[in-house]
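# Tertiary structure, described
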Amino acid sequence: GVALDLGWRRNAERGFYATVQPTYLHITNDDTVGAHVPISESLPTFFGRGRFGARYLLFRGDLDLDIYLDGRFWTEMRSRTLHPPTGLLVLPADDAREIRPSGLVNVVIQAGVRTATFFIAWDNVLASSTGGGLYEGVLLVPDYPFPERRFRFGVYWPIQD
């Protein structure tokens, strides 16, 4: 396999920045036991993650604002399947369906105020099971799709002793 971690202005305090993390995977020793999908078919050949955003320091540096798009994508695969008695992901049966190439895009606004970090996120912006998105459902594991569009918010505030 080959994995890269590329960035442009990755640590910039102000202005635009971008990161890309592509990964290519090719399994040469593909021995499997029984009637299971080979390991090479259970993983995507190509997958990656990217982030494009802008950072700003406002109010004399008291507010650190970060607005970004975060995306993940992968090529077709058979994936793994959930083994209900153990809750583990295992190689699926030989007749398992393929998972189409797909991906996720999230929009996130993150604000740091002193030691606290506030965030607002709109997850899986492009997908919808009601037909209002660019595509329906996003799967990494068969029968367990990512939630469609959802809105999240929260606060991370470490409290020191």
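Residues numbered from 1 in each chain as written. Predicted model: local features only at pLDDT ≥ 70, side-chain atom pairs only at ≥ 80, totals over all residues. Heavy atoms only, no water.

Under the counting rule described, the total for this entry stands at 3 aromatic pairs. A ring pair is formed by Phe-46 and Phe-73, whose centres lie 5.8 Å apart and whose planes are at 35°; its orientation type is tilted. In this pair, Phe-46 is assigned in strand S4 (residues 46-58) and Phe-73 in strand S5 (residues 63-74), connecting sequence segments 27 residues apart. Since its relative accessible area comes to 31%, Phe-46 is described here as partly exposed. With 6.3 Å between their ring centres and 45° between their planes, Phe-151 and Phe-153 make a pair best called tilted. Assessed through its relative accessible area of 64%, Phe-153 is described here as exposed. (Phe/Tyr/Trp six-rings, centres within 6.5 Å; stacked < 30°, edge-to-face > 60°. Helix = DSSP H or I, 4+ residues; strand = E, 2+ residues; numbered from the N terminus. Buried < 20%, exposed > 50% of the residue type's maximum accessible area, 1.4 Å probe, protein only.)

A surface patch of nonpolar side chains, amounting to about 1300 Å² of accessible area, comprises Trp-8, Phe-16, Phe-52, Tyr-56, Leu-58, Phe-59, Ile-67, Ile-109, Ile-120, Trp-122, Phe-151 and Phe-153. Within the residue set of the nonpolar patch, elements represented by two or more residues are S4, strand S9 (116-123) and strand S12 (150-156). Looking at the nonpolar patch element by element, the count peaks at 3 residues for S4. Looking at the element boundaries, Phe-52 is found in strand S4. (Patch = residues over 30% accessible without salt bridge, like charges linked within 9 Å, V, L, I, M, F, W, Y side chains within 5 Å. Areas by Shrake-Rupley, 256 points an atom, 1.4 Å probe, with all protein chains shown as cover. Salt bridge = Lys/Arg side-chain N within 4 Å of Asp/Glu carboxyl O.)

A pair can form between side chains of opposite charge whenever their charged atoms are brought close. Under the definition given, this model contains 8 salt bridges. Two residues, Glu-98 and Arg-78, come together in a salt bridge whose shortest N-O distance is 4.0 Å. One end of the pair, Glu-98, is in the loop between strand S7 (88-90) and strand S8 (102-113); the other, Arg-78, is in the loop between S5 and strand S6 (81-83), and 20 residues separate them in sequence. Through salt bridges with shared partners, one network takes in Glu-41, Arg-78 and Glu-98.

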